[in-house]
Amino acid sequence: MYLKEIQGFRVVAALLVAIYHIWFHRVSGGVDAFFVIAGFFLFQGFLKRDDLHFGDVTKYWRRTLGRIVPSASAVVLGTSLLFSGFGTRILSEERIDSAIAGILFYENMWLSNHGVNYLSMGQTPSPFQQLWALSVQFQLYFMLPPLVYLVFRLCRNRTNARRAMTQVFLGLLALAFAYALYKTYRYQPSAYFNTFARLWEFLAGGLLALVLPRIVVGRAVAKGLGYASLITLVGFAAVIPVADSFPGWAALIPVLATSAIIVAARNNAGMVVLNNRAMQWLGNLSFTFYLWHWPIYLFIWDRTGTPNVSVGVGMAILLVAFVLAFVTYHFLETPFRNLRLVKKRLATAVTVCALALVPTLGFSWGWKHHVDERQVASLEDIEKAVTGEKVAQLTPDLRLIKDDIPSSYKDGCYQRNFRASDVVSCNYGNPSGSYRIALVGGSHALQWLPALQEIARKDPRIKIINLVKSGCTFTLSLDGVEIDSDRAACLDWNRQAVEKLKALDPDMVVTNATRIQRDGETIPQGYRMAWDALPHTPVIAIRDNPRASFDIAACIDRNGEDDPACDAMRPTLARDALQPENLPDHVEAVDFSGFFCEEGRCPAVRDKIMLYRDSNHITATASRLMAQPLYDRIKLHLD
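Residues numbered from 1 in each chain as written. Predicted model: local features only at pLDDT ≥ 70, side-chain atom pairs only at ≥ 80, totals over all residues. Heavy atoms only, no water.

Asks: I'd like to hear about the sheet that holds strand S4 (residues 508–512), residue by residue, with values.
Replies: Spatial ordering of the open sheet is given by S1-S3-S2-S4-S7-S8, a layout of 6 strands whose pairing is mixed. Looking at the sheet topology across the chains shown, the edges are occupied by strand S1 (425–429) and strand S8 (587–590). Across this sheet, the average inter-strand angle for adjacent strands is 25°, counted without regard to direction. Pairing geometry for strand S2 (residues 435–441) and S4, over 3 bridges, is parallel. Residue Leu439 lies in a different strand from S4, and its bridge partner there is Val510. Across the sheet, helix H19 (residues 449–458) lies against S1, S2 and strand S3 (462–468), angled at about 165° from S3, the strand it touches most. Contacting S4, strand S7 (539–542) and S8, helix H21 (residues 525–532) crosses the sheet at an angle of about 175° to S4. (Pairing = 2+ DSSP bridges. Helix = DSSP H or I, 4+ residues; strand = E, 2+ residues; numbered from the N terminus. Axes fitted to C-alpha atoms, helices over the stretch in contact; angles between N-to-C directions. Contact = heavy atoms within 4.5 Å.)

The following block contains the structure:
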C-alpha cells in the first residue's frame, strides 16, 4: 500500500533537520524519523510477498545500491572540491579522512572514534558529518534483510512468519533500546553515531509494518492523531533540551510521533498538508536535500567563523540545497538507478557502483597525498623551531595544526569519558627514571606533556606519570569552576587521583595554578585544597595560558598571521597573587604569560610559530618551546 502522507512526511523530516541545523544548532528528531520510515519500508517490502527467496534479498540490495551510491558519490565529490579549493586549511586532514569514511559508508564509525570527542569541541564540524545517517542506513540495509529472510524460511507459511518475526524483532528491539540507553549513559557523543544504538529505531518501523494491518481507528481519530504527532515532532526539540539524550529515551518522542503518523496514514487520515501533489514531488528529493544542505551550511560557517546566519542567508542555503538535490536526483540518481547493469546480478551492480565511486575516492586520495607532503615539510620545520632555528613558514602548517597535540591524545592515555571517574595512568620519559614527575589535571595540564617529554629527552633521570581527565581539572571543589565534564564524575576522579598520588608518592606534581573563565582569571579554592592534600610533595603550578572566545587557528587561516583580531585575551590576574607569600610553602607558581603576551598584545603567532590550535589550547610545538624555562624550575628540585 502506498501511503502518500509518508512521502510528504519525508519532506518535513528533511526540512526539520536543515532548519534546526541552520538556525537553532541542535538536534531536531528528523533523522530519527527517517530511520523509522526506512525500517518500515524495508520490512513492508518483504512482507507483501507470499514467499520469500534469497533472490529477493539480493534484488533489494541491488536497488539500494543504485539509489544510494550515485547521490553519495556526488555529494562527497562536490563537497571535497569546494572545501579543498576554497575552505580553510586547519581541518584538511580530518576532512579527507571524513570524506573517505563517508563514501565508503562508515562515517558514523569514524565520527564515533575520531570526529566527536573533547578534541573537536568548539571547532567547525566535518562537512561530511551528515553522511553518518546514510552510513547507518546502508549498514542496516545489508544486515537486516538476511535476518528477515532467515525467520521467514524457518516458518511454514506467511502467517506463521509474520507472527515469528513480530516476536523475534520485538525481542531485538527491547535489547537494542536497552543497549542505546546504556551507551547514551556511558558516552553519549559516541552512542549518537553507533549503528547498534540506532537499530531500535529501524526495528520500531519494522515492527509497525508487521502489526499495522491490525491497527484500525476511525478517520477522525486518525486525522487528529496524525496532526497532533506532526506538531509534536516539529516542536518538541525547540521546547525540550534533549540533544544529550539521543539516541536514548529522548528519541522515543520522534519515533513514536513518526509511528503515529504512519498509523494515521494507513487509516485514511487524509492529511492534506502531507499528501498534496507538491509534497509528493518534493518527497523524492528529501534525502538528497538532507545530504546537500549540510556542506553548504558548513562552508558558510567555515568562511565566516560563526555558525550563526541571517534569515536571508539561511533561506539561500535551503534554496541551493534544493537545486542541487533536484539536479542530483533527476540527472544522476534516476538514470543510474535505471541502468540495465545495475538491475542485473548483484555482482554486476556492485562492480558498477564501485566504478562510480572511483572519481570521488581518487580525488580524496589525491587531496590526502598533497596534505601528507605538507606534513613532512612541517615536521621538519617543527624540529628546526624547537632547536632554535628560524622557520620561514607558519609552523605547524595550518593543515596539520589540529594534529599538533600531546601524545596522550593519540595513544589514549587519558580519561576521555566525561561521565567516567576511573583514573587512567601511563608513563612517559624514562620508564626507569629515578625522578618521578606526576602531570595531573585536565587538558590545560596535559598540554604541558610535550614540554616535559622534551625535558626527559635531555635528562634521563625523569619519568613522567600522566594522570589526566578531559573536561576536568585538578581540584577538590567545583565552587566557581566551570567544566565540560560531568561535575560529579570530575570530583570523584579528583578524589581517586589524590589517593593514587599519595600511593605513588611522586617527587613532584605539575598542574595548573589558575583558571581563566568568563568572569576572569582566578586561583580556585578547589585548587588550593588539592595542593593541600599533598603537603609533602613539591608542586609546580603553571599559570593558565591566555585564551579567546573563537578558534584562534581558524582566525589566522582566514585573516592572516598579523591580524590583531586573532589575538588571545590578556590574563587579568594580579601578578602578586602568584607570589610565594600567597601560596603554600610546597607550591611554586610558574608564569609563562611573558611568552604569550608582549607590548599589550597576546598574538597567536610568535616568530612564525603557531601558539594555539583552537580557542584555548596551545600547540605541542609551543609547549616544547617552553621546555627549557620549565626545566630551569624543575632542576632546582633535582639538584
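After presenting the structure, the write-up continues.
Asks: Quick one: what's the story with the state of the cysteines, residue by residue and with numbers?
Replies: Applying the stated criterion across every chain yields a total of 4 disulfides. Residue Cys413 pairs covalently with Cys426 via a disulfide, S to S 2.3 Å. For the disulfide bridge between Cys413 and Cys426, the dihedral angle about the S-S bond is near 125°, and by the sign convention the bridge is right-handed. A residue pair is termed long-range when its members are at least 10 positions apart, and Cys413 in the loop between helix H17 (407–411) and S1 and Cys426 in strand S1 qualify at 13 residues. Residue classification places Cys426 among the partly exposed positions, given a relative accessible area of 27%. Between the sulfur of Cys472 and that of Cys490 lies a disulfide, 1.9 Å long from S to S. Taking the torsion about the S-S bond as the criterion, the Cys472 to Cys490 disulfide, at about 80°, is right-handed. Taken together, the residues Cys472 in the loop between S3 and helix H20 (487–504) and Cys490 in helix H20 connect sequence positions 18 residues apart. Each bonded cysteine of the chain gets a number by its place in the sequence, and the pairs then read 1-2, 3-4, 5-6, 7-8. (Disulfide = S-S within 2.5 Å. Buried < 20%, exposed > 50% of the residue type's maximum accessible area, 1.4 Å probe, protein only.)

Asks: Got a sec to walk through the packing of helix H1 (residues 4–24) against helix H13 (residues 286–304)? Specific residues and values, please.
Replies: Two elements in contact, H1 and H13, have axes whose closest approach is 9 Å; the angle formed by their N-to-C orientations is 10°. In terms of orientation, H1 lies roughly parallel with respect to H13. Of H13, the residues touching H1 (which contributes Arg10, Val11, Ala14, Leu15, Val17, Ala18, His21 and Ile22) are Ser286, Phe289, Tyr290, His293, Trp294 and Tyr297. In terms of residue class, the contact of H1 with H13 is built from 10 nonpolar, 3 polar and 1 charged. (Parallel < 35°, antiparallel > 145°, perpendicular 65-115°, else oblique. Nonpolar A, V, L, I, M, F, W, Y, C, P; charged D, E, K, R; others polar.)

Asks: Describe the nonpolar core, and please don't skip the residues or the numbers.
Replies: The biggest cluster of nonpolar side chains holds 126 residues, and the ones touching the most others in it are Phe9, Phe43, Trp132 and Met165. Non-local contacts of Met165, meaning those with residues more than four positions away in its chain, are made with Leu47, Val148, Val151, Phe152, Leu170 and Leu210. Grouped together as the second largest cluster of nonpolar side chains are 58 residues, Leu398, Ile405, Ile437 and Ala554 included. (Core = buried A, V, L, I, M, F, W, Y, C linked by side-chain atoms within 4.5 Å.)

Asks: Let's hear about helix H25 (residues 627–638): which residues, and what values?
Replies: Look at H25: 15 Å from first C-alpha to last across 12 residues, which is about the 16 Å you get at 1.5 Å a residue. Of the positions making up H25, those classed as buried are Ala627, Leu630, Tyr631, Ile634 and Leu638. Looking down the long axis of H25, one finds its buried residues gathered within 100° of arc, a one-sided arrangement. Its buried side turned inward, H25 meets S2, H19, S3, S4, S7 and helix H24 (620–625). (Expected span 1.5 Å × (residues − 1). Arc of directions from axis to C-beta.)

Asks: So what's going on with a nonpolar patch on the surface? Which residues, and what values?
Replies: Together, Leu181, Val239, Ile240 and Trp249 give the surface a local cluster of nonpolar side chains, amounting to about 390 Å² of exposed area. Looking at the element boundaries, Val239 is found in helix H9 (residues 219–239). (Patch = residues over 30% accessible without salt bridge, like charges linked within 9 Å, V, L, I, M, F, W, Y side chains within 5 Å. Areas by Shrake-Rupley, 256 points an atom, 1.4 Å probe, with all protein chains shown as cover. Salt bridge = Lys/Arg side-chain N within 4 Å of Asp/Glu carboxyl O.)

Asks: Tell me about the pattern of salt bridges, and name the residues and values.
Replies: In this structure the tally under the stated criterion is 26 salt bridges. When the shortest N-O distance is used, the salt bridge between Arg461 and Asp459 registers 2.8 Å. Using a relative accessible area of 34% as the deciding quantity, one classes Arg461 as partly exposed. For Asp459, a relative accessible area of 3% gives the class buried. Arg547 is paired through a salt bridge with Asp544; the nearest N and O atoms lie 2.8 Å apart. Each of the two residues, Arg547 as well as Asp544, counts as buried.

Asks: How would you summarise the confidence of the model for the chain if you had to cite specific residues and measurements?
Replies: In this model, the chain carries an average pLDDT of 93, and 98% of its residues clear a pLDDT of 70 or more. Ranking the elements of the chain by mean pLDDT puts helix H5 (residues 107–115) last with 85 and S4 first with 98. (pLDDT = per-residue confidence, 0-100.)

Asks: If you had to explain the side chain of Ser443 to someone new, which residues and values would you point to?
Replies: Here Ser443 lies in helix H18 (residues 443–446). Separated by 2.7 Å, the side chains of Ser443 and His617 make a polar contact. (Polar contact = N/O pair within 3.5 Å; in protein donor to acceptor, adjacent residues only side chain to side chain.)

Asks: Go over the packing of aromatic side chains, please, and point to the residues and values.
Replies: All chains considered together, the criterion is met by 32 aromatic pairs. Here a set of aromatic residues connected by ring pairs shows up, and it is made of Phe35, Phe46, Tyr60, Trp132, Tyr141, Tyr192, Phe193 and Phe202. Here the basic side chain of Lys635 rests over the ring of Tyr631, its NZ or CZ set 5.1 Å away from the ring centre. (Phe/Tyr/Trp six-rings, centres within 6.5 Å; stacked < 30°, edge-to-face > 60°. Lys NZ or Arg CZ within 6 Å of the ring centre and 35° of its normal.)

Asks: Please set out a positive patch on the surface residue by residue, giving values where relevant.
Replies: Residues Lys48, Lys59, Arg63 and Arg67 make up a contiguous surface patch of positive charge. Topologically, Lys59 is positioned in helix H3 (residues 54–86). On the accessibility criterion, Lys59 (39% relative accessible area) is partly exposed. (Lys, Arg positive; Asp, Glu negative; His and termini not counted. Charge placed at Lys NZ, Arg CZ, Asp CG, Glu CD.)

Asks: So what's going on with H20? Which residues, and what values?
Replies: Over its 18 residues, H20 extends 25 Å from the first C-alpha to the last, a length consistent with the 26 Å expected when each residue adds 1.5 Å. Of all the positions in H20, only Ala489, Cys490, Trp493, Asn494, Ala497, Val498 and Leu501 are classed as buried. On its buried face, H20 sits against S2, S3 and S4. Sitting at the head of H20, Asp486 places a side-chain oxygen 3.2 Å from the backbone nitrogen of Ala488.

Asks: An account of unusual backbone geometry is needed here, citing residue identities and associated values.
Replies: Outside of glycine, negative phi angles account for most residues, and trans bonds account for most peptide bonds. Pro247 follows Phe246 through a cis peptide bond whose omega is 5°. By the secondary structure assignment, Pro247 is in the loop between H9 and helix H10 (252–266). With an omega of -5°, the peptide bond between Thr395 and Pro396 qualifies as cis. Relative to the helices and strands, Pro396 resides in the loop between helix H16 (346–386) and H17. One non-glycine residue, Phe105, adopts positive backbone phi at about 65°. In this fold, Phe105 is placed in the loop between helix H4 (92–103) and H5. Within the chain, Glu599 stands out as a residue other than glycine whose phi angle is a positive 55°. Examined against the element boundaries, Glu599 turns out to sit in the loop between helix H23 (593–596) and strand S9 (605–606). Classification of Glu599 by relative accessible area gives exposed; the value is 83%.

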